[in-house]
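# Structural overview for review
Okay, here's what each chain looks like letter by letter:
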Amino acid sequence: MEYQLDVHTHTLASGHAYNTIMEMAQAAQQKGLKLLGITEHAPMLPGSCSNIYFHNLHVVPRQIHGVELMLGAELNILDFDGHFDLDQVSLDRIDLRIASLHSLCIKPGTRSENTRAILGAIRNPYVDIIGHPDDGIYPLEYEAIVEAAKENHTLLEVNNNSLNPAGARKHTRENLIAMLELCRSYRQPIIMNSDAHVFSDVARRDFSEPLLKELAFPEELIVNRSVEVFKSYLGQKRQ
């Protein structure tokens, strides 16, 4: 399958990533991507950019090195109702919105509490993608999440970094298997992202792609196969 897009990446602006927008776009071009999403961490993650960074993204070209850019935020879920940390002006101005649980912003709760936090984000009309819903630090009820994602046209992410043995996330393989089997049953699309924090990780899927092949996960449920398919899915959410 041709992979045309990677929409969860970070630049220097996030505070713990290591390349510029230009360098990330060049890496995307070299790896054959048609669309690159740069989603900086929202303000509550230590070291990241403030609201004014997102206010001003209109000055950045949306085509660099022949690659289309979508510029947005990885929102930090802050409570068990799914609220997050970006102001309304920023939300209205950015192209793409991922919502994720990060331990520096919210302490893990019970399985029920963590699930309620994700469900709140899924149902928010501004949230396009749930980032790394595989981290066992936050136990989740995956059937409720997949069912809600289906109802609200919210994409669930298969995050390559989560499966990296050098990473800090817990029980990601078994959690992803559980989620993907439910996505197959519910016909819920997923998106594969690198979560790159350095240019060399753009478009990486060396951990996630073998898992999807092992599960014989249907290609028609992977939105990375087409920029048009991805944008069409976002459009359904935003109607």
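The structure we're discussing is the one just above.
Presented here is a report on the structure given in the accompanying data block. (Residues numbered from 1 in each chain as written. Predicted model: local features only at pLDDT ≥ 70, side-chain atom pairs only at ≥ 80, totals over all residues. Heavy atoms only, no water.)

## What about the packing of aromatic side chains?
- Here the structure, examined in full by the defined rule, presents one aromatic pair.
- Taking 5.4 Å as the distance between ring centres and 85° as the angle between the ring planes, the aromatic pair formed by Tyr-53 and Phe-54 counts as edge-to-face.
- Assessed through its relative accessible area of 23%, Tyr-53 is described here as partly exposed. (Phe/Tyr/Trp six-rings, centres within 6.5 Å; stacked < 30°, edge-to-face > 60°. Buried < 20%, exposed > 50% of the residue type's maximum accessible area, 1.4 Å probe, protein only.)

## Regarding the environment of Glu-23
- Relative to the elements of secondary structure, Glu-23 occurs in helix H1 (residues 21-30).
- Given the relative accessible area of 34%, Glu-23 is considered partly exposed.
- In the structure, Glu-23 is positioned 177 residues away from Ser-200 in sequence and 9.8 Å away in space, judged by C-alpha atoms. (Helix = DSSP H or I, 4+ residues; strand = E, 2+ residues; numbered from the N terminus.)

## Observations regarding the pairing of strand E7 (residues 155-159)
- Counting buried residues along E7, five of its five residues qualify, which places the element largely inside the surrounding structure.
- Here E7 shows two buried faces, one formed by Leu-155, Glu-157 and Asn-159 and the other by Leu-156 and Val-158.
- Inspection of the sheet shows strand E6 (residues 129-130) paired to E7 by two bridges, in the parallel sense. Among the inter-strand pairings, Ile-129 is bridged to a residue of E7, identified as Leu-155.
- Read as a crossover between parallel neighbours, the route from E6 over helix H5 (residues 142-152) to E7 is right-handed.
- Chirality of the crossover, the property in question, places the unit of E7, helix H6 (residues 172-186) and strand E8 (residues 190-193) among those that are right-handed. (Pairing = 2+ DSSP bridges. Right-handed = clockwise from strand over helix to strand, strands pointing away.)

## Quick notes on the layout of surface pockets
- Of the pockets and cavities examined, the largest pocket occupies roughly 410 Å³.
- Around the largest pocket sit 20 residues that line it, and His-102, His-132, Asp-135, Ala-168 and Arg-169 are the ones nearest its centre.
- Taken together, the residues of the lining of the largest pocket break down into seven nonpolar, nine polar and four charged. (1 Å grid on protein atoms, 1.4 Å probe; cavity = no way out; pocket = protein on both sides within 12 Å on 5 of 7 lines; lining within 4 Å. Points joined across faces, edges and corners; volume = space filled by probe spheres on them. Nonpolar A, V, L, I, M, F, W, Y, C, P; charged D, E, K, R; others polar.)

## Some details on unusual backbone geometry
- Even without being a glycine, His-65 presents a positive backbone phi close to 55°.
- Examined against the element boundaries, His-65 turns out to sit in the loop between strand E3 (63-64) and strand E4 (67-76).
- Look at His-65 and you get partly exposed, because its relative accessible area is 38%.

## Thoughts on empty space enclosed by the protein
- Using the criterion set out here, one finds two cavities of 30 Å³ or more in the structure.
- Its boundaries defined by the atoms lining it, the largest cavity holds a volume of some 90 Å³.
- Along the walls of the largest cavity sit Tyr-3, Leu-5, Asp-6, Leu-33, Met-192, Asn-193, Ser-194, Ala-203, Arg-204, Arg-205, Ser-208 and Asn-224, which together make up its complete lining.
- Those elements giving two or more residues to the lining of the largest cavity turn out to be strand E1 (5-6) and E8.
- Residue composition of the lining of the largest cavity, by class: five nonpolar, four polar and three charged.
- Of the voids in this model, the second largest cavity is the one considered here, and its volume is about 60 Å³.
- What lines the second largest cavity is simply Leu-101, Ile-118, Gly-131, His-132, Pro-133, Asp-134, Asp-135, Tyr-138 and Leu-140.
- Grouping the amino acids of the lining of the second largest cavity by side-chain chemistry returns five nonpolar, two polar and two charged.

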